[in-house]
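Letter by letter, the chains look like this.
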Amino acid sequence: MVGYDPEAKCVSTAEAAAAGSASGFVTRVLVSPLDVIKIRFQLQIEQLSSKSPGAKYHGILQAVQCIFQEEGFRAFWKGHVPAQFLSVGYGAVQFMAFESLTKLVHNVTSYNARNSFVHFVCGGLAACTATVAVQPVDTLRTRFAAQGEPKIYRNLHHAVVTMYQTEGPRTFYRGLTPTIIAIFPYAGLQFSFYNILQQFSEWVIPAEGKKGGNVKNLVCGSCAGVISKTLTYPFDLFKKRLQVGGFEHARVAFGQVRMYRGLLDCVRQIMREEGPGGFFKGLSPSLLKAAVSTGLIFFWYELFCSLLCALKSPDSTVRKVG
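The structure displayed is predicted, hence computed values, not measured ones.

A. Structural view of the overall build of the protein. The number of helices and strands found in the protein is nine helices and zero strands. For the protein, the N- to C-terminal ordering of α and β elements is α-α-α-α-α-α-α-α-α. Computed over the C-alpha atoms, the radius of gyration of the protein is 20 Å, within 12% of the 20 Å expected from 2.2 N^0.38 for a compact globule of 322 residues. Over its C-alpha atoms, taken along the principal directions, the protein stretches across nearly 60 × 40 × 35 Å. In the protein, 78% of the contacts between residues at least 6 apart in sequence involve partners at least 24 apart. Element-wise, carbon and sulfur atoms account for 66% of the exposed surface of the protein, whose accessible area totals about 14,700 Å². Taking the average location of the 33 positive side-chain charges in the protein and that of its 20 negative ones, the two points are 4 Å from each other.

In C-alpha cells form, the structure reads like this:
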C-alpha cells in the first residue's frame, strides 16, 4: 500500500520519486482532454447552459464537439508539455515527501504509519511541498489550455519570456494562495480515503479473493479522488480564475472576462454575478477527471513500486500492492 510500511521495506525514497514521476507521466497523457474541458468550464463567466446568452460551452459533449471543430484534435492536449513537467515533478515530490513523512512519523512518534489520520496530515503536507515546487509550471499549463485561436503563446519558451517581461516573476505564482488552502485537505483526503478504502476492502474481501489487487487499487483511488475533489472543488476554480489574470485579451472569443484583485475579490465577484452554482462550474468533467486520474495515479504508483522491488531482487518479497 501507499505509505511507509515497516513490514515491507522495499522502496527507497528515490524509488518512490521515480514511481511517482512515472505514474504522473502516464496518467497525464490519458486525462489531458478532461483537464482542458474542465479548465474551459471553470473560466467561463456565463452559465454552462444553452439557455444562457453568449455561453460558449453548455456541457461536456457539446464542448468536445466545439473544441474539435474550432481547434482540432490536438487542442485536447493544449499545454501538454508544461502539464507533463507538472505531473512528473509533482508526482516525484509528492510521493517522495509522503513516503518520507510517514516513515518519520513511524520512527519518531507513537502513531502507526498506517493510520488514516497520519495519511491525511502527511498527504496534505506532501502535496503542499509539491505544489510550491511546480506552481509556475501549473500556471503555464493553465494559460496554454485556456488560450484559443490565434494563439498568444507559440511555445513554452515564448510563454515564459513573454509572461516574465510583461507581468513580472510573481505572475508564475498567481493563484498560489487558494491552491495551498485547497491542496492540503484535497490531497490529505485522497491519501486518507485511499487508505480507508484499502483497509475496508481487505476486511470485506476474503484472503482467497485478493488476486485482483491492481483493480482494487484503481477502484479505491477513483473513489478517493471523487470524494476529495467534491469537498474541495471551489478552491480549484478560484485558482484557475486567478491564474489567467492579465491574460484577458486571449479570452475574448470565449465570452465575458473578469479581472480579480485577489482571492476574496474573486469569491465576491463570482457569488454576486454567478451565484453559488458558479463555485462549481466544471464540476462534472472535474469529477470524471478526478476519478480517472486519482485511480490511475495510485494504480500506476503501486504497480511501478512492485516492479522496482522485483527488479532489485527477484528473490525478495515484492512490496505488497493493495
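B. Highlighting the domain arrangement of the protein. Per the domain assignment, the segments of the protein are domain 1 (13-77 + 281-306) and domain 2 (79-146 + 149-174). Once you take the C-alpha centre of each, domain 1 and domain 2 turn out to be 16 Å apart. Across the contact, 21 residues belong to domain 1 and 18 residues belong to domain 2. Across the interface of domain 1 and domain 2, roughly 1,600 Å² is buried in total on both sides, 64% from carbon and sulfur atoms. Counting every contact that joins domain 1 to domain 2 gives five residue pairs in polar contact (both at pLDDT 80 or more). Elements supplying a minimum of two residues to the side of domain 1 that touches domain 2: α1 (13-43) and α9 (283-312). Ranked by residues supplied to the side of domain 1 that touches domain 2, first place goes to α1 with 16 residues.

C. Inspection of the UniProt feature "repeat: Solcar" (unreviewed entry) in the protein at higher detail. Sequence positions flagged by UniProt for "repeat: Solcar" (unreviewed entry) are, in local numbering, residues 11-104, 114-200 and 212-307. Between the end C-alpha atoms of residues 11-104 there is a gap of 15 Å, over a span that is 72% helix and 0% strand.

D. Focus on the packing of aromatic side chains. Scanning the entire structure with this criterion turns up 16 aromatic pairs. Both rings, one in Phe95 and one in Phe298, keep their centres 6.3 Å apart while their planes meet at 90°; by these two values the pair is edge-to-face. Highlighted residues: Phe95 in helix α3 (residues 80-108) and Phe298 in helix α9, separated in sequence by 203 residues. You'll find Phe95 and Phe298 in the same group, each marked buried.

E. Region of interest: the nonpolar core. Counting residues in each nonpolar core, the largest one holds 20 residues, and the members touching the most others are Val2, Phe95, Phe98, Phe191, Tyr194, Phe298 and Tyr301. Of all the elements in the fold, those that place two or more residues in this core are α1, α3, α4 (116-146), α6 (176-204), α7 (213-243) and α9. Here Phe191 is in contact with Val2, Gln94, Phe95, Phe98, His119, Gly123 and Phe298, once residues within four sequence places are set aside. Tyr233, Phe238, Leu242 and Leu283 belong to the second-largest nonpolar core, a separate cluster that totals 11 residues.

F. Molecular detail of helix α2 (residues 60-71). Here α2 spans 16 Å end to end across 12 residues, near enough to the 16 Å set by a 1.5 Å rise per residue. Among the residues making up α2, those that are buried are Ala63, Cys66, Ile67 and Glu71. Here the buried residues of α2 occupy an arc of 95° about the axis, which is enough to place them on one side. Turned more than 90 degrees away from the buried face of α2, the exposed residues are Leu61 and Gln69. Next to the buried residues of α2 lie α1. Immediately downstream of α2, the backbone of Gly72 shows phi near 90°, a positive value.

G. Fine view of the environment of Gly295. Structurally, Gly295 is set in helix α9. Once the C-alpha coordinates of Gly295 and Asn217 are considered, the two residues, 78 residues apart in sequence, prove to be 7.1 Å apart. With sequence-adjacent residues up to four places away left out, Gly295 is seen in contact with Asn217, Leu218, Gly221, Ser222 and Ala290.

H. Up close: a nonpolar patch on the surface. Together, Phe25, Val29 and Leu30 give the surface a local cluster of nonpolar side chains, amounting to about 270 Å² of exposed area. Inspection of the secondary structure puts Val29 in helix α1. The class for Val29 is partly exposed, based on a relative accessible area of 34%.

I. Up close: the environment of Ile196. Relative to the elements of secondary structure, Ile196 occurs in helix α6. Classification of Ile196 as partly exposed rests on a relative accessible area of 37%.

J. Expanded view of empty space enclosed by the protein. What the rule picks out here adds up to three cavities of 30 Å³ or more. What the largest cavity holds in volume is close to 750 Å³. In terms of lining residues, the largest cavity is bounded by 38 residues, among which Arg28, Tyr90, Ile183, Tyr186 and Lys289 are the most central. Contributing elements (two or more residues each) for the lining of the largest cavity: α1, α3, α4, α6, α7 and α9. Looking at the lining of the largest cavity residue by residue, the class counts come to 16 nonpolar, 13 polar and nine charged.

What counts and what doesn't
- Residues numbered from 1 in each chain as written.
- Predicted model: local features only at pLDDT ≥ 70, side-chain atom pairs only at ≥ 80, totals over all residues.
- Heavy atoms only, no water.
- Helix = DSSP H or I, 4+ residues; strand = E, 2+ residues; numbered from the N terminus.
- Rg over C-alpha atoms; globule rule 2.2 N^0.38 Å.
- Contact = heavy atoms within 4.5 Å.
- Areas by Shrake-Rupley, 256 points an atom, 1.4 Å probe, with all protein chains shown as cover.
- Lys, Arg positive; Asp, Glu negative; His and termini not counted.
- Charge placed at Lys NZ, Arg CZ, Asp CG, Glu CD.
- Domains from an automatic or database assignment.
- Buried area = accessible area lost by both parts, 1.4 Å probe.
- Polar contact = N/O pair within 3.5 Å; in protein donor to acceptor, adjacent residues only side chain to side chain.
- UniProt positions renumbered as here; feature names shortened; annotations may be inferred.
- Phe/Tyr/Trp six-rings, centres within 6.5 Å; stacked < 30°, edge-to-face > 60°.
- Buried < 20%, exposed > 50% of the residue type's maximum accessible area, 1.4 Å probe, protein only.
- Core = buried A, V, L, I, M, F, W, Y, C linked by side-chain atoms within 4.5 Å.
- Expected span 1.5 Å × (residues − 1).
- Arc of directions from axis to C-beta.
- Patch = residues over 30% accessible without salt bridge, like charges linked within 9 Å, V, L, I, M, F, W, Y side chains within 5 Å.
- Salt bridge = Lys/Arg side-chain N within 4 Å of Asp/Glu carboxyl O.
- 1 Å grid on protein atoms, 1.4 Å probe; cavity = no way out; pocket = protein on both sides within 12 Å on 5 of 7 lines; lining within 4 Å.
- Points joined across faces, edges and corners; volume = space filled by probe spheres on them.
- Nonpolar A, V, L, I, M, F, W, Y, C, P; charged D, E, K, R; others polar.

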